[in-house]
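Residue-level listing of the chains:
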Amino acid sequence: MNNTEKKIQRLFNKGCVDYHLLEDGDRILIGISGGKDSLELTRLLSQRAKIFKPHIEVEAAHVIMDNIPYETDRTYLQDFCTECDIKLHILHAKFDESTDPRKTKCFLCAWNRRKTLFEFAEKEGFNKIALGHHMDDILVTFLMNLTFEGSRQTIKPILKLEHYPLSIIRPLCLVPEAQIQAVAKELNFQKLKVSCPFEEVTKRAIMEKELHRLEEINPEARYSLWHAIMD
């Protein structure tokens, strides 16, 4: 294990402990998109599941949108999960954009992916869903809401759902994206097979650049923002 892997492992463990993400008896379903973040989350949780206390069970699910030409190499995902000793479920979903023309394809796709994941997790007896959001995702969401909505809300390390008997956990919450990128390169994570055809420059992409600019002004900016969010 190299230094970057050790740093991620330490921050992963700290996030799980500080925000009480893992409890004895948890059955956790990982939402695995095929991107570097969900692959690293799968790798880390599979290792954590081998530790006796707290005892957790982990499986993964990949949602395919049948009406969007966006996919990953399912053989690679299956091989990756097999290597991690984790069962992989392939789920299918689709959406009808005419049901609400006010919503973008990105919104409808994301919502239906989540809904499919939630319904499967509830049906199969999981009590938690693990998603691969890292520290940068949380900080960028905070900056977006602060700038465009006048709100301090952001993604939480743990969130109990209102309409499902489930909690969403984000064990990578303390891990900077740059560290995940480094490990993905070192471990030769395969990149997504096909990029989303509706991918475009968004507010999120703009705010990602702003986060990097803040770090140019103050290298400790991300940690100041984190304390502002969590205090």
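See above for the structure.
Below: a short report on this structure. (Residues numbered from 1 in each chain as written. Predicted model: local features only at pLDDT ≥ 70, side-chain atom pairs only at ≥ 80, totals over all residues. Heavy atoms only, no water.)

## Notes on the environment of Ile 169
Item 1. Following the sequence through the fold, Ile 169 ends up in strand S6 (residues 167-169).
Item 2. C-alpha of Ile 169 to C-alpha of Ile 158: the two residues are 11 residues apart in sequence and 4.5 Å apart in space.
Item 3. Beyond its immediate sequence surroundings of up to four residues, Ile 169 is in contact with Leu 21, Leu 22, Ile 28, Lys 128, Ile 129, Ala 130, Leu 131, Pro 157 and Ile 158. (Helix = DSSP H or I, 4+ residues; strand = E, 2+ residues; numbered from the N terminus. Contact = heavy atoms within 4.5 Å.)

## Structural notes on the nonpolar core
Item 1. Grouped together as the largest cluster of nonpolar side chains are 46 residues, with contacts concentrated most on Ile 28, Ile 30 and Leu 45.
Item 2. By residue number, the principal contributor to this core is helix H5 (residues 135-149), which donates seven residues.
Item 3. Dropping the residues within four chain positions of it, Ile 28 is found in contact with Leu 22, Leu 45, Ile 56, Glu 57, Val 58, Glu 59, Phe 126, Lys 128, Ala 130 and Ile 169.
Item 4. Counting residues in hydrophobic clusters, the runner-up holds 21 residues, among them Leu 29, Val 63, Ala 93 and Phe 120. (Core = buried A, V, L, I, M, F, W, Y, C linked by side-chain atoms within 4.5 Å. Buried < 20%, exposed > 50% of the residue type's maximum accessible area, 1.4 Å probe, protein only.)

## Comments concerning the packing of aromatic side chains
Item 1. Tallied over the full model, the rule gives four aromatic pairs.
Item 2. Ring geometry for Tyr 19 versus Trp 226: centroids 6.5 Å apart, planes at 70°, classification edge-to-face. Placement of Tyr 19 in the loop between helix H1 (3-18) and strand S1 (26-31) and of Trp 226 in helix H8 (residues 221-230) is noted, with a sequence separation of 207 residues between them.
Item 3. Ring geometry for Tyr 76 versus Phe 80: centroids 6.1 Å apart, planes at 45°, classification tilted. With Tyr 76 and Phe 80 both in helix H3 (residues 74-83), this residue pair falls four residues apart, about one helical turn. (Phe/Tyr/Trp six-rings, centres within 6.5 Å; stacked < 30°, edge-to-face > 60°.)

## Remarks on the environment of Glu 149
Item 1. Within the secondary structure layout, Glu 149 lies in helix H5.
Item 2. When its relative accessible area of 59% is taken as the criterion, Glu 149 is described as exposed.
Item 3. The spacing of Glu 149 and Glu 97 is 52 residues in sequence and 25 Å in space, taken between C-alpha atoms.

## Re helix H2 (residues 36-48)
Item 1. Compared with the 18 Å implied by 1.5 Å per residue over 13 residues, the 18 Å span of H2 between its first and last C-alpha is a close match.
Item 2. Within the sequence span of H2, burial applies to Asp 37, Ser 38, Leu 39, Glu 40, Leu 41, Thr 42, Arg 43, Leu 44, Leu 45, Ser 46 and Arg 48.
Item 3. On its buried side, H2 packs onto H1, S1, strand S2 (56-65), H3, strand S4 (128-130) and helix H6 (177-186). (Expected span 1.5 Å × (residues − 1).)

## Re the sheet that holds S1
Item 1. Strand order in this open sheet of six strands is S3-S2-S1-S4-S6-S5, and the pairing throughout is mixed. Each edge of the open sheet carries a strand with a single partner, namely strand S3 (88-93) and strand S5 (158-160). Direction aside, neighbouring strands of the sheet carry axes that sit 25° apart on average.
Item 2. Two elements, S4 and S6, share three bridges in a ladder whose sense is parallel. Residue pairing for S6: Ala 130 is matched across the bridge by Ile 169.
Item 3. Set on the sheet, H2 makes contact with S1, S2 and S4; between it and S1 the angle comes to about 160°. (Pairing = 2+ DSSP bridges. Axes fitted to C-alpha atoms, helices over the stretch in contact; angles between N-to-C directions.)

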